[in-house]
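A look at the structure
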Amino acid sequence: MDILPILATLRRHKLTAWLLVLVMALTCAIVCNAVFLIGQLLQRMDMPSGIAEHELVQIQLGYIGDTPDAKAQTQTDVAALQQIAGVKQVGLDRYLPFSLDGSSNTGINLKPQQQQNTLDAGQYLGQNLLPTLGVRLVEGRNFLPSEYVDFDTAVAALNSGDMKGFPQVMIITQAIAERLWPGQQALGKTLYTDGGIPFRVIGVIAVLARQNNLQQGAQYSTYWPIRMTSADGANYFIRCAPQDRESVLKAAVTKLKQLNPSRVVLKARTYDQARRAFFANDRAMAGMLVGVIVALLTVTALGIVGLTSFWVSQRRRMIGVRRALGATRGDILRYFQTENFLLATIGIALGMVLAYGINLLLMRHYELPRLPAVYFPIGAIALWVIGQLAVLGPALRAAAVPPVVATRSV
Amino acid sequence: MLGYYFDLALRSLKRNKVLTALMVLAIALGIGASMTTLTVLHVLSGDPVPGRSSTLYYAQVDPRDLNGYLPGNSQPMYQMSWIDGMNLLRAKRADRQALMTGGLVPVQPDNTRLDPFYEAARFTTVDFFSMFGVPFAYGHAWHAVDDEARARVVVISSALNDKLFGGKDSTGQTLRVSGATLRIVGVIGDWHPNPQFYDLTRKNYGENEGVYVPLSTSQDVGMHHDGSVTCWGKGGTGINPDHASRCAWLQFWVQLDKPDEAAAYKTFLVRYSEQQKELGRFQRPPNVQLRDVMQWLDYNQVVPDDVRLQAWLAFGFLLVCLVNTVGLMLAKFMRRAGELGVRRALGASKRSLFAQLLVESGVVGLAGGSGGLLLALLGLWLVRQQPAEYAPLAQLDPAMLLATFLLAVSASLLAGLLPAWRACQIAPAVQLKGN
């Protein structure tokens, strides 16, 4: 197909042609960035937690009136929960990875007195956490019973400054080990919290995401040997087979209420529900972006249909002359298809530049990485396909113009 | 003349239904999307305490050690420690001041049909009510002496009053909260500040607390704190932060009626910091901030990033729709070149043709605006179905309704400018000959 006649014709319709190019450029730029944002959201929603997500349920209790002997109550509760059919492990902590309820964080340093923290990490406390969560220990060992310290004792030690009652050992994730001691053995090394308190690393776990503040290093998590009670705000985490979750949850709630009726169930849910809630906004945003892309492509397609139809009706006589001079229907069809392809290509080229510019703006105002090159072809293909689909109808109508038109109204 | 143009516009729009429908649809979609996101943005960035926000200030000092300190580059501590909060409260250097924090408390209704439940609470000193202009449906706030005396008194929200007492005047009755028996002295009226500016550590939007208790009473009873706690150095905390601990967990608000008082209060905070440094409690050089409500909301970036991004996206979409409309209008006007040529030949000036075509664009804009309004209502309904905490607030108000039509008409007039100008450039003779 010879494109020179097409260019010559377009030059006579500069304004309309440029409007089409502009629409396609804007659409291409927005689609590229929207697809990129969807990719980012999907990546975030897919973040590994490192725990046995489909095997966990969570129960949080609140006391009404006087809190009884919380430690004894917790022991009774755990013993009773372990008796429930299907329960494999029971553990306690305040928060799990990807938590909307709050988080506990600590600065981690290589030296006792350090001006700036080396990194900021999430903090997990509580007993029997590793087997319950199903977190994989890659090096070292879990805490010994003798290494655990009661939560209130630890807080008192911290505030009095007498660190005797404070834990001495810690388990960290591989991500922290790599950041603190790249390429070295982390076991047995000492790290410091931002208060200058020393801890010996006795275990390294593969993956455990932090509760929130994900932008500070999603896999920076620490585990401290601190014993919690439900009066300290800790939740019961129960591990069971995925199909037993509903029945275990129901049985556990009944059991706990029966053991001490003067408490209220604040939360009773599966971990899957908790995780879904944490990423609910991201899911909604991704859905909205898909909607924007569909709406944009639809509007652009309708615009192309409208303008090409106008063009075809304006050029009826020209088409008739060409048909009379021997052009086939296919020639006319291809003429309009090629014309649209040319305009789309110019639009896409402009759109790429614009997409890059928008990405730079987004990078400045939102925490987004640079737009990877793979997203450019997505916008290009979308525009080419939409352009060809939209032009098909008017082009077919143009191809149907009979040669006799050339002889009329002259 | 305008009426005639209006009539011409309607005729012309009816003649080419497909093109007209496409233009109206493009404008409606663009306006619908932009107005949806603009309304959300407008609601979320509103002033939670109109008329008072410029006299209310959030005070911050920095009691931390030097670990992590970057001279000139560090923000002060986000919240107040108990010691600093109490010192500043007792200094009474502002017109009004309130020290407060959030809580989560079990409520045991006397009504046995209701199970005990947990309710969000605010532990505060009494100026909270007068500073923030809290209206009362029944009763009144507690008195300053109640703060001193750790009185067992409580103020409840109208929502909680509805739930417990069926909306009747409950003042004088008692309520069991966290195991303590409190006397209800007031029921708050219609008061829903959004964003919840006074404590942004729990949630930014939504329903305010159900239970309000004097700060001193809450500490005496041992009611559970709820909200963020930040400790520095060797500081740590359980559910209820220790008063002497190196932890910050309270918010301190002051009311300063005249602008120059703000500067004076800031100087006071600096002097307080210097004094504490001399005493050895503070280690950093004085680092204080005093932000009014809107500055505080701005600093905290309460409007979610997603919402801003959605607004930009919607405007990008509107732009695409507008460029499309320009193209379609151009097609429409140029198709009528013959008719316009006749009008020109019969003596119509370029100017009157231009006006006529713009009226036609305006009519398209009005139609598009009506469609856009329906789409915006649909869009806002969709937003309300979202899981975000601000979702229930997404409602159209009269100002935004008016803005919808203004935006639609001005957008369509803008889109009509270029095509109308082009159409007026037609030489009448050529057109007449062509026909």
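In this text the structure is predicted, and so the values were computed from the model without any measurement.

Describing the overall build of chain B
When helices and strands are tallied, chain B shows 14 helices and 12 strands. In terms of overall size, chain B is more extended than a compact globule, its C-alpha atoms giving a radius of gyration of 30 Å where 435 residues would be expected to give roughly 22 Å. Projected onto the principal axes, the alpha-carbon positions of chain B cover approximately 95 × 60 × 35 Å. Here chain B holds 435 residues, and the buried ones make up 46% of them. Considering only contacts within chain B whose residues lie at least 6 apart along the sequence, 76% involve residues at least 24 apart.

Description of the domain arrangement of chain A
Reports often express the size of an interface as the amount of accessible area lost when the parts come together. For chain A, the assigned domains are domain 1 (4-46 + 281-407) and domain 2 (96-227). Computed from C-alpha coordinates alone, the two centres of domain 1 of chain A and domain 2 of chain A are separated by 54 Å.

A look at the interface of chain B and chain A
On the chain A side, the residues contacting the 43 residues of chain B number 47 residues. Of all elements in the fold, only helix 2 (17-44), strand 3 (96-108), strand 4 (117-124) and helix 10 (305-335) of chain B reach the threshold of two or more residues within the side of chain B that touches chain A. In terms of residue count, helix 10 of chain B provides more of the side of chain B that touches chain A than any other element does, 18 residues in total. Here the residues of the side of chain B that touches chain A sort into 22 nonpolar, 15 polar and 6 charged.

Looking at the sheet that holds strand 1 (residues 56-63) of chain A
Residues and elements named next belong to chain A. The 4 strands lie next to each other as 2-12-1-13, forming an open sheet whose pairing is antiparallel. Edge strands, defined here as strands with exactly one partner in the open sheet, are strand 2 (87-93) and strand 13 (263-270). Neighbour-to-neighbour, the strand axes of this sheet turn through a mean angle of 20 degrees, independent of strand direction. Against the sheet, helix 7 (residues 245-259) contacts strand 1, strand 2, strand 12 (235-240) and strand 13, and its axis sits at roughly 20 degrees relative to strand 1. Relative to the sheet, helix 8 (residues 271-278) contacts strand 1 and strand 13, its axis offset from that of strand 13 by approximately 80 degrees.

Thoughts on the domain arrangement of chain B
Examined at the domain level, chain B breaks down into domain 1 (2-45 + 304-434) and domain 2 (56-299). Taking the mean C-alpha position of each, domain 1 of chain B and domain 2 of chain B sit 50 Å from one another.

So, unusual backbone geometry
If a residue is not glycine, its phi is most likely negative; likewise, a peptide bond is most likely trans. All names here are of chain B. In this model, Asn194 is joined to Pro195 through a cis peptide bond whose omega is 0 degrees. With respect to the helices and strands, Pro195 occurs in the loop between strand 8 (180-188) and strand 9 (211-214). Located in the positive-phi region is Lys92, a residue other than glycine, with phi close to 50 degrees. Relative to the elements of secondary structure, Lys92 occurs in the loop between helix 3 (82-91) and strand 3. With phi around 45 degrees, Gln301 is a residue other than glycine that occupies positive phi space. The topology assignment puts Gln301 in the loop between helix 9 (293-299) and helix 10.

Looking at the environment of B:Asp298
For B:Asp298, the location among the structural elements is in helix 9. For the pair B:Asp298 and B:Ser45, spaced 253 residues apart in sequence, the C-alpha to C-alpha distance is 8.9 Å.

Quick look at the pairing of strand 3 (residues 105-109) of chain A
All names here are of chain A. Inspection of the sheet shows strand 3 paired to strand 4 (residues 119-124) by 4 bridges, in the antiparallel sense. Among the inter-strand pairings, Thr106 is bridged to a residue of strand 4, identified as Ala121. Pairing between strand 3 and strand 8 (residues 190-193): 2 bridges, direction antiparallel. Across the sheet, the residue bridging to Ile108 is Thr193, located in strand 8.

A few points about the nonpolar core
A:Leu20, A:Met24, A:Cys28, B:Ala26, B:Ile27, B:Phe317 and B:Cys321 are the most contacted members of the largest nonpolar core, which totals 109 residues. It is helix 2 (residues 14-45) of chain A that contributes the most residues to this core, 19 residues altogether. Apart from residues lying up to four places away in sequence, B:Ile27 is in contact with B:Cys321, B:Thr325, B:Val364, B:Gly365, B:Gly368, B:Gly372, B:Ala408, B:Ala411 and B:Ser412. Among the nonpolar cores identified, the runner-up in size contains 67 residues, and B:Met77, B:Val177, B:Val229 and B:Leu250 belong to it.

Criteria and cut-off values
Residues numbered from 1 in each chain as written. Chains lettered and ligands numbered in written order. Predicted model: local features only at pLDDT ≥ 70, side-chain atom pairs only at ≥ 80, totals over all residues. Helix = DSSP H or I, 4+ residues; strand = E, 2+ residues; numbered from the N terminus. Rg over C-alpha atoms; globule rule 2.2 N^0.38 Å. Buried ≥ 20, exposed ≤ 12 C-beta atoms within 10 Å, placed from the backbone. Contact = placed C-beta atoms within 7 Å. Domains from an automatic or database assignment. Nonpolar A, V, L, I, M, F, W, Y, C, P; charged D, E, K, R; others polar. Pairing = 2+ DSSP bridges. Axes fitted to C-alpha atoms, helices over the stretch in contact; angles between N-to-C directions. Core = buried A, V, L, I, M, F, W, Y, C linked by C-beta atoms within 7 Å.

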